[in-house]
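# Per-entry structural report
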Amino acid sequence: MKAEEYYKKLGKVIISASQIERKVKEMAKQISKDYDKNFPVLISNLKGSFRFLADIVKYVKIPVMIDFIAFQSYEGHKSIGNVRVIKDLKIDVSNKNILLVEDIVDTGITLDYIIKYLEEFKKPIDIRVCTLLDKPSKRKVYVPIHYKGFDIPDVFVVGYGLDYKEFFRELNDIYELKID
Ligand code: IMP
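This section reports on the structure supplied with the text. (Residues numbered from 1 in each chain as written. Predicted model: local features only at pLDDT ≥ 70, side-chain atom pairs only at ≥ 80, totals over all residues. Heavy atoms only, no water.)

Now for the overall build of the chain. On a plain count of helices and strands, the chain comes out with 4 helices and 9 strands. Listing every helix and strand of the chain by position from the N terminus yields α-β-α-β-α-β-β-β-α-β-β-β-β. The C-alpha radius of gyration computed for the chain amounts to 16 Å, which stays within 12% of the reference 16 Å derived for 180 residues, consistent with globular compactness. Projecting the C-alpha coordinates of the chain onto the three principal axes gives extents of approximately 50 × 35 × 30 Å. (Helix = DSSP H or I, 4+ residues; strand = E, 2+ residues; numbered from the N terminus. Rg over C-alpha atoms; globule rule 2.2 N^0.38 Å.)

Our focus in this paragraph is the site of the ligand. Around the ligand sit 16 residues, and of these Asp106, Thr107, Gly108, Thr110 and Val157 come closest. One nitrogen or oxygen atom from the side chain of Thr107 is found 2.5 Å from an oxygen atom belonging to the ligand. In the model, an oxygen atom of the ligand is placed 2.8 Å from a nitrogen or oxygen of the Gly108 main chain. For the ligand, the accessible surface in isolation is 490 Å², of which the surrounding protein chains cover 89%. Looking at the shell around the ligand, the elements that each hand over two or more residues are strand 5 (97–105) and helix 4 (109–122). At 4 residues, strand 5 tops the list of elements feeding residues into the shell around the ligand. Residue composition of the shell around the ligand, by class: 7 nonpolar, 4 polar and 5 charged. (Near = heavy atom within 4 Å. Polar contact = N/O pair within 3.5 Å; in protein donor to acceptor, adjacent residues only side chain to side chain. Areas by Shrake-Rupley, 256 points an atom, 1.4 Å probe, with all protein chains shown as cover. Nonpolar A, V, L, I, M, F, W, Y, C, P; charged D, E, K, R; others polar.)

Attention now goes to unusual backbone geometry. For residues besides glycine, phi is generally negative; the peptide bonds are generally trans as well. Following Leu46, the chain continues into Lys47 via a peptide bond in cis, with omega recorded as 0°. Its place among the elements puts Lys47 in the loop between strand 2 (40–45) and helix 3 (50–59). Look at Lys165: it is not a glycine, yet its phi comes out positive at around 50°. Along the chain, Lys165 turns up in the loop between strand 8 (157–158) and strand 9 (174–177). Here Lys165 falls in the exposed class, since its relative accessible area comes to 64%. A positive phi angle, near 80°, is found at Phe168, a position not held by glycine. Structurally, Phe168 is set in the loop between strand 8 and strand 9. Here Phe168 falls in the buried class, since its relative accessible area comes to 2%. (Buried < 20%, exposed > 50% of the residue type's maximum accessible area, 1.4 Å probe, protein only.)

Looking now at the packing of aromatic side chains. Inspection of every chain in the model, using the stated rule, returns 7 aromatic pairs. These aromatic residues form a ring-pair network of at least three members: Tyr6, Tyr7, Phe167 and Phe168. One residue, Lys23, lies across the ring of Phe150, its end atom 5.2 Å from the ring centre. (Phe/Tyr/Trp six-rings, centres within 6.5 Å; stacked < 30°, edge-to-face > 60°. Lys NZ or Arg CZ within 6 Å of the ring centre and 35° of its normal.)

As structure tokens, then:
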């Protein structure tokens, strides 16, 4: 594929890099305030939230620990019951406060699975959720969201860590993807 064809797949910018930066700073400030006594373990579900996590960490003013988890579903990410852990946590989070850092919550199925997995097998004190993006119109299962960046409409977005077939993660703005 030529670079011009690659960029042609992008629609309009939904959220610009400067809007993201402003919002992430605000969120990091709130997180620092809320966790000033019980420092959290920030957990990122790979790979979409790697940039968001890095920016949150850049602006927090409290000690944090960081870990990564990865799940794979057998029939695409929409299925439940067919999900397995392909990279587990290294940190023992029992008796710790977990802050899950997510790129986007769509149906909520992934997040619901992660929360249930962590509660059942890792026994943390507490789990909170921080997501950059939310598509509330797509929700199928209730998931608690404690820190949210932006609500977006039901469009497929890429950039700032979010991908389509592993591409577009390097973009600094978040774009609507033109699906052909
Ligand atoms: P859910 O289980 O339906 O909430 O899906 C959550 C996961 O689907 C996210 O962590 C993303 O990996 C992926 N996803 C959902 N919507 C988008 C999107 O618009 N762009 C890129 N990835 C998405």
